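Working through the structure, step by step
Here is what each chain is made of, one letter per residue.
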Amino acid sequence: MKYVDEYRDGALAKTLAGKIAREADPGRRYHLMEFCGGHTHAISRYGLADLLPRNVEMVHGPGCPVCVLPIGRIDNAIELARDRGVILCTYADTMRVPASKGLSLMKAKAAGADIRMVYSCADALKIARDNPSREVVFFAIGFETTTPPTALAILEAARQGLANFSVFCNHVLTPAAITHILESPEVRDLGLVPLDGFIGPAHVSTVIGSAPYDYFAEEYRKPVVIAGFEPLDVMQAILMLVRQLNEGRAEVENEFTRAVTPQGNEKAKALVADVFELRRSFEWRGLGEVPYSALAIKQRFAAFDAEARYGIVYRPVPDHKACECGAILRGVKKPADCKVFGIVCTPENPIGSCMVSSEGACAAHYTYGRYKVGSDPGKVGSDSTFGDRNPGR
Ligand code: SF4
């Protein structure tokens, strides 16, 4: 296939849905976690859950970088802009994530803090070059996909001798989070979250490759299929997982052969290894402290490390009492299980982080109408269609 709309072909999707329905064993249930918010978004946007037989259930995972950012880290960023007078640059989605005391980066900006939305950290570098008398901090978030550009920006700042530029690093790692989920009491001891296999993220895997997932297949006997974010990618990945489970296999398969290789992008990985090192522990929203799940800037580049430069102290802050984001990010609950979903908490007025980014499970369910009170949120509606349910987006 050559063009993106070919990956949204309704007739092909129905063919795949037919194969899944025929091959899924009616005597068993299939619980498949899509780790990444990009897949959650595609499943909601294209109504994929409606195409699946009732015994094939999708479980949302924690792979939304905005959703897993703990409140305390946003508080730290606000303090940098408000109390230390820096120009704080970050991606747009991060701006609306609720912080402590009813604040967010957007509200802090409205109150006068110099907080700027950027498309990339290269934009933040330019702002630093254009404002030599101001300190500029890039508030870096995201998984392995966004880490190499941050590494490049730090190397570039070092090369240019940009003394007024630093990075507040919050980059997190996919495999560590998957391990944490598989080791969680809900999955391992209590059986609250049955998990039979994973759909792995395509963009992350273009960087790290498919090899890091081998561990989950070998150690935990969970099949993994790395898949793209178009509806046919997701449907094909579900079919591949169903086949693996039927045949008793637990392997890493690659649906996204158009960009993912076993070893990934060696150049990008070398950049990351040059600039970053593993943190011993990092708090994720919903998952708590996860060992070796995030990156810190190496001592060699301490001059560009905002945590070192400003002596940032992290203070954990609990979520809003009504918010179920934590349970949703662990796959324990669905958005419609939250009492304030769609009532008090909406994309215009997010109470929790899962309602902010389009990749958040709550935002995806709300935007594409995957929630009808009293119904199974995964099975709402029967008009299986691959038309865009929200053409405005
Ligand atoms: S609906 Fe809002 S408050 Fe409830 S879990 Fe989702 S983000 Fe949190």
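Numbers given to residues run from 1 along each chain, matching the order in which its sequence is written. With the structure being a predicted model, the display of local features is reserved for residues of pLDDT at least 70 and the display and counting of side-chain atom pairs for 80 or more, all residues being used for whole-chain, interface and lining totals. Neither water nor hydrogens contribute to the side-chain values; these are computed over all heavy atoms in the structure.

**Description of the sheet that holds strand β7 (residues 197–201)**
- With respect to topology, 5 strands assemble into an open sheet ordered β2-β1-β7-β8-β9, the strand pairing being parallel. Taken across any chain shown, the strands that pair with only one partner, and hence form the sheet edges, are β2 (56–63) and β9 (252–254). Each strand axis lies, on average, 25 degrees off the axis of its neighbour in the sheet, ignoring direction.
- Strand pairing is assigned whenever DSSP detects at least two bridges linking the two strands. Runs of E in the DSSP output that reach at least two residues are strands. Runs of H or I that reach at least four are helices, and both are numbered from the N terminus. Bridge analysis of strand β1 (residues 30–36) against β2 gives 6 bridges, and the strand direction is parallel. The partner of H31 across the bridge, within β2, is E57.
- Whether two residues touch is decided by their heavy atoms; if any such pair falls within 4.5 Å, the residues are in contact. Fitting a line to C-alpha atoms yields each axis, with helices limited to the stretch in contact; the angle taken between N-to-C directions then spans 0 to 180 degrees. On the sheet, helix α2 (residues 37–45) packs against β1, β2, β7 and β8 (224–227) and is oriented at approximately 120 degrees with respect to β1.

**Structural notes on the pairing of strand β12 (residues 288–291)**
- Direction of pairing for strand β11 (residues 281–284) relative to β12: antiparallel, over a ladder of 4 bridges. If you follow S281 over to β12, its bridge partner there is P291.
- Counting the residues that bridge the hairpin from β11 to β12 gives 3 residues, and of these G286 lies at a positive phi of roughly 90 degrees.

**With respect to the sheet that holds strand β3 (residues 87–90)**
- Strand order in the open sheet made by the 4 strands is β4-β3-β5-β6, with parallel pairing throughout. The open sheet terminates on both sides in strands that have one partner only, identified here as β4 (115–117) and β6 (165–171). The average undirected angle you get between the axes of adjacent strands in this sheet is 25 degrees.
- Here 7 bridges tie strand β5 (residues 136–142) to β6, and the two strands are oriented parallel to one another. The residue of β6 that forms the bridge with V136 is F165.
- Seen against the sheet, helix α4 (residues 71–83) touches β3, β4, β5 and β6 and runs at an angle of roughly 170 degrees to β6.
- Against the sheet, helix α7 (residues 147–160) touches β5 and β6, its axis set at about 160 degrees to β6.

**Observations regarding the packing of aromatic side chains**
- In this scheme Phe, Tyr and Trp rings, the latter by its six-membered ring, pair at centre separations within 6.5 Å, and the angle between planes marks the pair as stacked below 30 degrees, edge-to-face above 60, and tilted otherwise. All told, the structure shown has 8 aromatic pairs when counted by the stated rule.
- Look at F139 and F168: their rings are 5.4 Å apart centre to centre, the planes differ by 15 degrees, and that puts the pair in the stacked class. Of this pair, F139 sits in strand β5 while F168 sits in strand β6; the two residues are 29 residues apart in sequence, bridging distant segments of the chain. The pair F139 / F168 is uniform in exposure class, with both members buried.
- Where F341 meets Y366, the ring centres are 6.3 Å apart and the plane angle is 80 degrees; that geometry is what we call edge-to-face. With F341 in the loop between α15 (325–329) and α16 (361–367) and Y366 in helix α16, the pair connects residues that are 25 residues apart, well separated along the chain. Any residue under 20% of the maximum accessible area for its type is buried, any over 50% is exposed, and the rest in between are partly exposed; the area is computed with a 1.4 Å probe on protein chains only.

**Some words on the nonpolar core**
- With 99 residues, the main nonpolar core has L88, L105, F138, F165, F276 and W284 as its most contacted residues.
- At 6 residues, the largest contribution of residues to this core is made by β5.
- Each of domain 1 (1–321) and domain 2 (325–374) contributes no fewer than three residues to this core.
- Nine residue types can take part in a nonpolar core, namely buried Ala, Val, Leu, Ile, Met, Phe, Trp, Tyr and Cys, and a core is a set of them joined through side-chain atoms within 4.5 Å. Counting residues in each nonpolar core, the second largest holds 29 residues, with A42, Y46, M58 and L245 among its members. Boundaries between domains were set according to an automatic or database domain assignment.

**Focus: the domain arrangement of the protein chain**
- Considered domain by domain, the protein chain is made up of domain 1 (1–321) and domain 2 (325–374).
- Taking the mean C-alpha position of each, domain 1 and domain 2 sit 18 Å from one another.
- Computed with a 1.4 Å rolling probe, the buried area is the accessible surface lost when two parts are put together, summed over both parts. Buried area between domain 1 and domain 2, summed over both chains or domains, comes out near 2400 Å², and the portion from carbon and sulfur atoms is 57%.
- A pair is scored as a salt bridge if a Lys or Arg side-chain nitrogen falls within 4 Å of a carboxyl oxygen belonging to Asp or Glu. Connecting domain 1 to domain 2 are 2 salt bridges.
- Note that E186 and R330 form a salt bridge whose closest N and O atoms lie 3.0 Å from each other.
- Each polar contact in these results corresponds to two N or O atoms within 3.5 Å; when the atoms are within protein, one needs to be able to donate a hydrogen and the other to accept it, and residues that are neighboring in sequence are counted only if both atoms are side-chain atoms. Our enumeration of links across domain 1 and domain 2 arrives at 11 residue pairs in polar contact (both at pLDDT 80 or more).
- Mapped onto the side of domain 1 that touches domain 2, the elements with two or more residues apiece are α2 and β2.
- The element contributing the most residues to the side of domain 1 that touches domain 2 is β2, with 7 residues.

**Considerations on the packing of helix α1 (residues 10–23) against helix α12 (residues 231–246)**
- Orientation of α1 relative to α12, taken along the N-to-C sense of each, is 15 degrees, at an axis distance of 10 Å. For the element pair α1 / α12, the angle class is roughly parallel. The hand of the α1/α12 crossing is left-handed. Every residue of α12 that contacts α1 at L12, A13, L16, A17, K19, I20 and E23 is listed here: L232, M235, Q236, I238, L239, V242, R243 and N246.
- All amino acids are sorted into three groups, where Ala, Val, Leu, Ile, Met, Phe, Trp, Tyr, Cys and Pro are nonpolar, Asp, Glu, Lys and Arg are charged, and the leftover types, Gly among them, are polar. Partitioned by chemical class, the residues of the contact of α1 with α12 number 10 nonpolar, 2 polar and 3 charged. Roughly parallel means an angle under 35 degrees; roughly antiparallel, over 145; roughly perpendicular, 65 to 115; everything else is oblique. We call a crossing left-handed when the near helix sits turned anticlockwise from the far one by less than a right angle, and right-handed when that turn is clockwise.

**Focus on the side chain of H41**
- Here H41 lies in helix α2.
- One polar contact links the side chain of H41 to the main-chain carbonyl oxygen of S358, over a distance of 3.1 Å.

**Quick notes on unusual backbone geometry**
- One non-glycine residue, K101, adopts positive backbone phi at about 55 degrees.
- Look at K101 and you get exposed, because its relative accessible area is 83%.
- Here the phi dihedral of Y292 falls at roughly 45 degrees; this positive angle occurs in a residue that is not glycine.
- Mapped onto the elements of the fold, Y292 is located in the loop between β12 and β13 (295–297).
- The exposure class of Y292 is partly exposed, given its relative accessible area of 42%.

**Examining the state of the cysteines**
- Pairs of cysteine sulfur atoms within 2.5 Å are what we label disulfides. Under the defined criterion, the tally for this structure stands at 1 disulfide.
- Cysteine C169 shares no disulfide, and the gap to the nearest cysteine sulfur, in C121, comes to 11 Å.
- No disulfide involves C325; its sulfur sits 3.1 Å from the nearest other cysteine sulfur, which is in C354.

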